Amino acid sequence: MSEQTKTASGGRTVVIVGAGMAGVQTAVALREQGWDGTIRLLGAEPHEPYDRPPLSKAVLLGKAEGSAFAVDFGSLAIDLRLGVEATGLRADEHLLETTGGPLPYDVLVIATGADPVSLPGSAGLPDVHVLRTLDDAERLRPVLAGQHDVVAVGAGWIGAEFATAAREAGCRVTVVEAADRPLAGAMPAEVAAHMTDWYAQAGARLLTGTGVAAVEPGAVVLADGTRLPADAVVVGIGARPATGWLAGSGVALAKDGSVATDDRLRTSLPDVYAVGDCSSFPSARYGERLLVHHWDNALQGPRTVAENIVHGPDEAPVYDPVPYFWSEQFGRFVQYAGHHAAADEMVWRGDPDGAAWTVCWLRSGVLVALLAVGRPRDLAQGRRLIEQGAVLDREKAVDASVPLKTAVLAAATAE
């Protein structure tokens, strides 16, 4: 560590609000980058910080008791404070208000994640669940073990993963989706159409185009009057950035409620950064502000935050990743990279009614996004091609036997 870095960080305090993946990785990355000042990491939950993806899989099915991060906070001299929530921010005083009292900071990192959207009228009902925290998974575990009738509201990624686990546990599962197809907010209709049959093949019932009118003891009543038996209801209809506590703080929020950062994850206030599910960033690659609620974003963003805090913006790179996520559902490994909103063409590789296939999205011939079902090599190669701005040779790309990395005409310069 250089003398300059020591001078910059020694005696100074970074406070990180949120002990999920983004918060923990920010703390670790700060030490890796040479920060030798104080690091305080606040977690709202009482549990040791843990990874979330196993909650809808191994933890929910009782195959694991938890998924704590393999981080020795003591040896890294990270002051971990559990059960402490942020309640406000007095930025002019560099003071964070918390349930444990006010905390001064030199640099503040907001990593409070996202809160699940609740089903209207379901507040306080004992058999209505969400799946966001370790406590949520532990409450649901006996429901699955009892092989009950369960209704999942929402056929997005979390709804599909929960339905997969519930069927594996032997539950009778009905999934209710207000849109006309699963993954309506994430995938075009022509892609989602090939994922619809996955539910029936797994023994789950999928009802689309209908909303929930009411939840009653032992039943879910749909908008069309249908009554579904339900010993438990699991709601997976989206999540919103957990930024309500920032009201009146001066931190600028985007229209979606996320903290609006710049391309180095700095907020509108000096010495305040935001990272992970609670924040959005401007992407030069895609020409719009992105809010990415996925694990990989919470893993990559902290490196940018740490580099900027320790070395300054003149030495640190901008943050403009290729978004990536994966989902394990109904015996399939589904991966996605990129952002297809502005794409003008789709190219299919393989039979979408088969076990393994890929969709490539192009914009003016440039690969901008890719969905791979059971084709991890396509995903790995495609992700690199997206980063490079590669122009695809369509005739080669549609041939699933041809490695995607060889189906390239040229590398384009970003517009």
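Note: the structure precedes this text.
Computed from a predicted structure; not experimentally measured.

Q: Just to check I follow, could you spell out the sheet that holds strand 19 (residues 272-274) for this structure?
A: Pairing between the strands of a sheet comes from backbone hydrogen bonds, and it takes one of two forms, parallel or antiparallel. With parallel pairing, the five strands of this open sheet are ordered in space as 3-2-1-7-19. The sheet terminates laterally at strand 3 (78-82) and strand 19, the two strands that pair on one side only. Taken pair by pair, the neighbouring strands of this sheet meet at an average axis angle of 15 degrees, ignoring direction. With three bridges joining them, strand 7 (residues 107-110) and strand 19 adopt parallel strand pairing. Looking at strand 19, one finds that V109 is bridged to Y273.

Q: Looking at this model, I keep getting lost on the pattern of salt bridges. Mind explaining?
A: Pairing is possible between side chains of opposite charge, provided their charged atoms come close. What the rule picks out here adds up to 18 salt bridges. Note that R266 and D262 form a salt bridge whose closest N and O atoms lie 2.7 Å from each other. The closest approach of N and O atoms between R394 and E345, which form a salt bridge, is 2.8 Å. Of the two residues, R394 sits in helix 9 (residues 394-397) while E345 sits in strand 24 (residues 345-349), which places them 49 residues apart along the sequence. Each of R40, D79 and R81 takes part in a single network of salt bridges with overlapping partners.

Q: I tried to follow helix 4 (residues 157-168) on my own but got confused; where do I start?
A: Side chains that are three or four residues apart share a direction in an α-helix, a result of its 3.6 residues per turn. Helix length check: helix 4, at 12 residues, gives a terminal C-alpha distance of 17 Å against a target of 16 Å (1.5 Å per residue), a fit within 8%. In terms of burial, helix 4 is largely enclosed, as nine of its 12 residues are buried. All of the buried residues in helix 4 are W157, G159, A160, E161, F162, A163, T164, A165 and A166. Trailing helix 4 by a residue or two, G170 shows a phi angle of about 95 degrees, which is positive.

Basis of the calculations
Residues numbered from 1 in each chain as written. Predicted model: local features only at pLDDT ≥ 70, side-chain atom pairs only at ≥ 80, totals over all residues. Heavy atoms only, no water. Pairing = 2+ DSSP bridges. Helix = DSSP H or I, 4+ residues; strand = E, 2+ residues; numbered from the N terminus. Axes fitted to C-alpha atoms, helices over the stretch in contact; angles between N-to-C directions. Salt bridge = Lys/Arg side-chain N within 4 Å of Asp/Glu carboxyl O. Expected span 1.5 Å × (residues − 1). Buried < 20%, exposed > 50% of the residue type's maximum accessible area, 1.4 Å probe, protein only.

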